[in-house]
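Structural features, examined
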Amino acid sequence: MPPAHTGAPVIPGASTPSFPDPETHAPETRTPEGREPGRPGYRRMSLALFAAGLATFALLYSTQALLPAISDGFGVTAGQASWSVSAATGALALFVLPLSALSERFGRTRMMTWSMAVAVGVGLLVPFAPSLEWLVALRAVQGAAIAGIPASAMAYLAEEVKPKALVGAIGLFVAGNSIGGMSGRLVTGWAAQLGGWRVGLLAVGLMSLACAAAFLVLLPRARFFRPASLNPRAVGRTVAGHLRDPLLLRLYGIGALFMTVFGAVYTVIGYRLVDEPFSLGQGVVGSVFLIYLVGTVSSAAAGRLVARTGRRGALYLAVTTTALGLLLSLADSLPAILLGLVLITAGFFAGHAVASSAVSRTAKMGRAQASALYQSAYYLGSSAGGTLGALAYHSAGWAATVGIALLAVLGVVSITLYGSRAARAQRRLPAGAGRAAAAAR
């Protein structure tokens, strides 16, 4: 969406939230330029979205490190317990598109604020679920609420940040995701070891409440947002246009397949480490997720990587790193497994940052819908990876889980190779035909 007037949008007939609305919160000096490092408001914006990413990923995957304890607590299998993760990611995938459409009408920051409030509120109820069915249902509601944050955040950044700073800004948001995923699992693991899995979930709920408060205080108001119609036909035309774009389709496929790998590995790794021959405690298993810090570094560095190697070069490097990590994790050695997780995490977060930022730059209109489709594919990949990975592990062990992940890696390679061939073919066309082919793409 192109920049519009400065100033917060006026929404006729819109209801006023009972808590501070960051769409009109914290006035500041405005300039016509997009934000970039060193410009007013950039640091506050980065910190606010970092807090949002931290809270949402901590909540979204809060049960993942606790799956062995949840299995024991409810007397269920790994595949059944994994639905406490898959229900949240699956609901996020289903609701991200409709909520992104609402953000086009009512504002990115307003959507993120309400989504955060509901997700945190449900997060404080989840620890008291009386059965696995209730736990899965609450997690589905939580995932649906979280759906309003990722696509809105990426659309907000695409509108508010200068293009040359966009990959870095989205990388910082993804870095918040990685630290949220890491800290949520770390907090739940050690709290569960001290007081049980319910105490672990309560601890991450309180941590996310603090992050939500920081988000409300820090986030600058949007300067370039322009309200769009909620006409379903218009939204449908925008979505259909994105789904006809071959480049966007390839990026959606890459995001889904990368997340299939990550969902399979991190849903199952806790079971592998608490089983023989490792027999690690719940707190130690939670500490394994400190490896997410590697993802913080690799996602934040994605912009520099793209500048040096190009988008496809960065994707090749990310997928190669991920595949090497998967193969290394097959060893029955704890140091080898940990090193494998480091490589998988670094490759995944770099690939995700590259693909998601490319979506925001490729879409010239309906950016929220473009980002929402990416997020939908991404979290469907997470849901599929978590469930398939757990079923494979329950049936044939860790090697079967790695086999599923390697098939997804092969899919990423195939899509990227196809994109490389298409780009070479376009460069060989005459200048006029090349421009026509690019427009057709």
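Note that the structure is a prediction, hence the values are computed from the model and not measured.

Overview of the overall build of the chain
For the chain, the count of helices and strands is 18 helices and zero strands. Every one of the 441 residues in the chain was classed for burial, and the buried ones make up 59%. In the chain, once contacts between residues fewer than 6 apart in sequence are set aside, the share between residues at least 24 apart is 83%. Of the roughly 16600 Å² of accessible surface on the chain, 68% is carried by carbon and sulfur atoms.

Concerning the side chain of histidine 242
Its location among the elements puts histidine 242 in helix H10 (residues 232-243). Take histidine 242: its relative accessible area is 6%, and that puts it in the buried class. Excluding residues that lie within four positions of it along the chain, histidine 242 makes contacts with Leu248, Tyr252, Ala363, Met365, Gly366, Gln369, Ala370 and Leu373.

Topic: helix H14 (residues 302-328)
Along its 27 residues, H14 runs just 24 Å from first to last C-alpha, ending more than 12% under the 39 Å computed at 1.5 Å per residue. Of all the bends in H14, the largest measures some 110 degrees and sits at threonine 309. Those residues of H14 that fall on the buried side of the exposure criterion are Ala302, Ala314, Leu315, Ala318, Val319, Thr321, Thr322, Ala323, Gly325 and Leu326.

Focus on the packing of helix H2 (residues 67-74) against helix H11 (residues 246-274)
Two elements in contact, H2 and H11, have axes separated by 8 Å at closest approach and are oriented at 75 degrees. When the axis of H2 is compared with that of H11, the two are roughly perpendicular. Within the contact between the two elements, H2 uses Leu67, Pro68 and Ser71 and H11 uses Thr267, Gly270, Tyr271 and Val274. A breakdown of the residues in the contact of H2 with H11 according to their chemical character gives four nonpolar, three polar and no charged.

What to know about the nonpolar core
Membership of the largest hydrophobic core comes to 119 residues, with the highest contact counts inside it found for Leu49, Leu157, Tyr266 and Tyr379. Here this core gets 16 residues from one element, more than from any other, and that element is H11. In contact with leucine 157, other than residues within four places in its own chain, are Met45, Leu49, Leu166, Ala169, Ile170 and Phe173.

Regarding helix H1 (residues 42-60)
For H1, which comprises 19 residues, the first-to-last C-alpha distance of 27 Å matches the rise-based estimate of 27 Å (1.5 Å per residue) to within 8%. Across the 19 residues of H1, 15 count as buried, placing the element largely inside the fold.

Considerations on unusual backbone geometry
With omega at 5 degrees, the peptide bond leading from glutamate 276 into proline 277 counts as cis. Looking at the secondary structure, you find proline 277 in the loop between H11 and helix H12 (282-287). Even without a glycine there, the phi angle at serine 279 is positive, about 50 degrees. Note on placement: serine 279 falls in the loop between H11 and H12. With relative accessibility at 40%, the residue serine 279 sits in the partly exposed group.

So, a nonpolar patch on the surface
Judged by side-chain polarity, Phe128, Leu202, Leu206 and Leu209 come together as a nonpolar surface patch covering roughly 390 Å² of accessible area. With relative accessibility at 32%, the residue leucine 202 sits in the partly exposed group.

Things to note about the packing of aromatic side chains
Scanning the entire structure with this criterion turns up ten aromatic pairs. Their ring planes at 10 degrees and their centres at 4.0 Å tell us that phenylalanine 262 and phenylalanine 348 sit as a pair that is stacked. Here phenylalanine 262 is found in helix H11, whereas its partner phenylalanine 348 is found in helix H15 (residues 334-362), with 86 residues between them in sequence. Like phenylalanine 262, the residue phenylalanine 348 is buried in the burial classification. Relative to tyrosine 379, the ring of tyrosine 378 lies with its centre 4.7 Å away and its plane at 90 degrees, an arrangement referred to as edge-to-face. There is no split in this pair, since tyrosine 378 and tyrosine 379 are both buried.

Things to note about the confidence of the model for the chain
On average, residues of the chain score 80 in pLDDT, and 85% of them are at 70 or above. Taking the mean pLDDT of every element in the chain, the minimum, 48, falls on helix H18 (residues 431-440) and the maximum, 95, on helix H6 (residues 132-146). Of the regions scoring below 50 in pLDDT, residues 1-32 engages in 75 contacts with residues more than four places distant in sequence or in other chains. The low-confidence segment residues 435-441, where pLDDT is below 50, has seven contacts with residues more than four positions distant or belonging to other chains.

Digging into the packing of helix H4 (residues 83-106) against H6
Orientation of H4 relative to H6, taken along the N-to-C sense of each, is 30 degrees, at an axis distance of 7 Å. Here H4 and H6 pass one another in a crossing that is right-handed. Here H4 contributes Trp83, Ser84, Val85, Ala87, Ala88, Ala91, Leu92, Phe95 and Leu99 to the contact with H6, which in turn contributes Leu135, Val136, Arg139, Ala140, Gly143, Ala144 and Ile146. Across the contact of H4 with H6, the residue classes break down as 13 nonpolar, two polar and one charged.

A closer look at the environment of alanine 358
As for its placement among the helices and strands, alanine 358 is situated in helix H15. Sequence-wise, alanine 358 and serine 371 are 13 residues apart; in three dimensions their C-alpha atoms are separated by 9.8 Å. Not counting chain neighbours up to four residues away, the residues in contact with alanine 358 comprise Leu251 and Arg311.

Examining the environment of leucine 407
As for its placement among the helices and strands, leucine 407 is situated in helix H17 (residues 398-428). Here leucine 407 falls in the exposed class, since its relative accessible area comes to 61%. Each C-alpha atom, one on leucine 407 and one on valine 261, is 8.8 Å from the other, the two residues being 146 residues apart in sequence.

Cut-offs applied
- Residues numbered from 1 in each chain as written.
- Predicted model: local features only at pLDDT ≥ 70, side-chain atom pairs only at ≥ 80, totals over all residues.
- Heavy atoms only, no water.
- Helix = DSSP H or I, 4+ residues; strand = E, 2+ residues; numbered from the N terminus.
- Buried < 20%, exposed > 50% of the residue type's maximum accessible area, 1.4 Å probe, protein only.
- Contact = heavy atoms within 4.5 Å.
- Areas by Shrake-Rupley, 256 points an atom, 1.4 Å probe, with all protein chains shown as cover.
- Expected span 1.5 Å × (residues − 1).
- Bend = angle between axes of the 7 residues up to and from the residue.
- Axes fitted to C-alpha atoms, helices over the stretch in contact; angles between N-to-C directions.
- Parallel < 35°, antiparallel > 145°, perpendicular 65-115°, else oblique.
- Nonpolar A, V, L, I, M, F, W, Y, C, P; charged D, E, K, R; others polar.
- Core = buried A, V, L, I, M, F, W, Y, C linked by side-chain atoms within 4.5 Å.
- Patch = residues over 30% accessible without salt bridge, like charges linked within 9 Å, V, L, I, M, F, W, Y side chains within 5 Å.
- Salt bridge = Lys/Arg side-chain N within 4 Å of Asp/Glu carboxyl O.
- Phe/Tyr/Trp six-rings, centres within 6.5 Å; stacked < 30°, edge-to-face > 60°.
- pLDDT = per-residue confidence, 0-100.
- Left-handed = near helix turned anticlockwise from the far one by under 90°.

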